[in-house]
Amino acid sequence: MKFPKDILIIDFEGLKKPVQIGAVLLDKETLEEKDHFLSYIYADLDGYVSSVSGISQDMIDGAPKQADVGKVFYEKFGTDVFLSAFVQDLDISHLKKLLAEAGFEFKEYDFRILDIWPIAYTYLLKQEYQGDYRSDPIFREFGIKPRGLHNALEDCRIAAEVLRIILEKKNN
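Residues numbered from 1 in each chain as written. Predicted model: local features only at pLDDT ≥ 70, side-chain atom pairs only at ≥ 80, totals over all residues. Heavy atoms only, no water.

Student: I keep staring at the overall build of the chain and nothing clicks. Help me out?
Tutor: Across its full length, the chain carries 6 helices and 5 strands. In sequence order, the secondary structure elements of the chain are arranged as β-β-β-α-α-β-α-β-α-α-α. Relative to the 2.2 N^0.38 estimate, which gives 16 Å for 172 residues, the radius of gyration of the chain is 16 Å and therefore close to what a compact globule would have. The contacts of the chain with a sequence gap of at least 6 include a subset with a gap of at least 24, amounting to 62%. Surface summary for the chain: the accessible area is close to 9,400 Å², and the carbon and sulfur share equals 50%. A gap of 3 Å separates the mean positions of the 22 positive and 30 negative side-chain charges of the chain. (Helix = DSSP H or I, 4+ residues; strand = E, 2+ residues; numbered from the N terminus. Rg over C-alpha atoms; globule rule 2.2 N^0.38 Å. Contact = heavy atoms within 4.5 Å. Areas by Shrake-Rupley, 256 points an atom, 1.4 Å probe, with all protein chains shown as cover. Lys, Arg positive; Asp, Glu negative; His and termini not counted. Charge placed at Lys NZ, Arg CZ, Asp CG, Glu CD.)

Student: Before we go on, may I ask you to explain the packing of aromatic side chains in this structure?
Tutor: Two numbers describe a pair of aromatic rings. These are the distance of the centres and the angle of the planes. Summed over all chains, the structure comprises 9 aromatic pairs. Seen in terms of ring centroids, Phe37 and Phe77 are 6.4 Å apart; in terms of plane orientation they differ by 85 degrees. Their pairing is edge-to-face. Highlighted residues: Phe37 in strand 3 (residues 33-40) and Phe77 in helix 2 (residues 66-77), separated in sequence by 40 residues. The exposure classification of Phe37 matches that of Phe77, with both residues buried. One aromatic cluster is present, formed by Phe37, Phe73 and Phe77 through successive ring pairs. (Phe/Tyr/Trp six-rings, centres within 6.5 Å; stacked < 30°, edge-to-face > 60°. Buried < 20%, exposed > 50% of the residue type's maximum accessible area, 1.4 Å probe, protein only.)

Student: What is the right way to read unusual backbone geometry from this model?
Tutor: With the exception of glycine, most residues fall at negative phi, and the peptide bonds are largely trans. Although it is not a glycine, Leu31 adopts a positive phi angle of roughly 60 degrees. Mapped onto the secondary structure, Leu31 falls in the loop between strand 2 (20-26) and strand 3.

Student: Looking at this model, I keep getting lost on helix 4 (residues 116-126). Mind explaining?
Tutor: An α-helix turns once per 3.6 residues; consequently, residues spaced three or four apart project the same way. The set of residues buried in helix 4 consists of Ile116, Ala120, Tyr121, Tyr123 and Leu124. Looking straight down helix 4, one finds its buried side chains confined to an arc of 160 degrees; they lie on one side. Backbone geometry just after helix 4 places Glu128 at a positive phi near 70 degrees. (Arc of directions from axis to C-beta.)

Student: Can you walk me through the pattern of salt bridges in this structure?
Tutor: Side chains that differ in sign of charge can pair as their charged atoms come close. The tally for this structure, following the rule as stated, stands at 11 salt bridges. The shortest N-O distance in the salt bridge between Arg157 and Glu33 comes to 2.9 Å. One end of the pair, Arg157, is in helix 6 (residues 152-171); the other, Glu33, is in strand 3, with 124 residues separating them in the sequence. Given the relative accessible area of 32%, Glu33 is considered partly exposed. The network of salt bridges with shared partners includes Lys5, Asp110 and Arg112. (Salt bridge = Lys/Arg side-chain N within 4 Å of Asp/Glu carboxyl O.)

Student: How should I be thinking about the environment of Phe73 in this particular structure?
Tutor: Relative to the helices and strands, Phe73 is located in helix 2. A C-alpha to C-alpha distance of 9.6 Å links Phe73 and Ala102, two positions 29 residues apart in sequence.

Student: Mind showing me how you'd approach a negative patch on the surface here?
Tutor: Taken together, the side chains of Asp44, Asp46, Asp58 and Asp61 define an acidic patch exposed on the protein surface. Of note, Asp46 is situated in the loop between strand 3 and helix 1 (57-60). (Patch = residues over 30% accessible without salt bridge, like charges linked within 9 Å, V, L, I, M, F, W, Y side chains within 5 Å.)

Student: How do you make sense of the nonpolar core when you look at a structure like this?
Tutor: Most often, soluble globular proteins keep nonpolar side chains buried together rather than apart. Counting residues in each nonpolar core, the largest one holds 29 residues, and the members touching the most others are Ile7, Ile9, Leu26, Phe86, Ile138, Phe142 and Val162. Counting residues per element, the ones that place at least two in this core are strand 1 (7-13), strand 2, helix 4, helix 5 (135-141) and helix 6. Among the elements that take part in this core, helix 6 stands out by supplying 10 residues, more than any other. In this view, Ile7 contacts Val24, Leu25, Leu26, Leu31, Phe82, Ser84, Leu114 and Leu163; residues no more than four positions away in its chain are not counted. Grouped together as the second largest cluster of nonpolar side chains are 23 residues, Ala23, Phe77, Ile92 and Ala102 included. (Core = buried A, V, L, I, M, F, W, Y, C linked by side-chain atoms within 4.5 Å.)

If you want it as structure tokens, here you go:
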């Protein structure tokens, strides 16, 4: 299978305020990892510590601001990619804000977003999957070990593996 562009899977940690971004660039032909990115993002968490990622204020106090992270991200990957995420809604929302802070416009990217969750869930339903629709049970169904605390780069790599598994099984 050959995609017309490389696939850039993104993931953010932080719901209201992004505090970590991860990205994995997949080769359009092999789906192998070509490059990756991981950065904390400074934010004022008002004492909040995420139970999902374990990220605390101490961990991000010295982190670069959104504008700086957005600039590095944009310069590293450019816009000639298919953006992708496991559940794209929150991740794309955070990316739009990050890029805007850096002075870039999201509309430079192709508006088609490869959202891996509906692909994975539909694939499993066709296999008569009866389990939960949340990420961790879906990952386990694909043979991926439990995550523990979330890390944006690790989550991108897991999404990439799920995509590879689906496409390899589909082609066999």
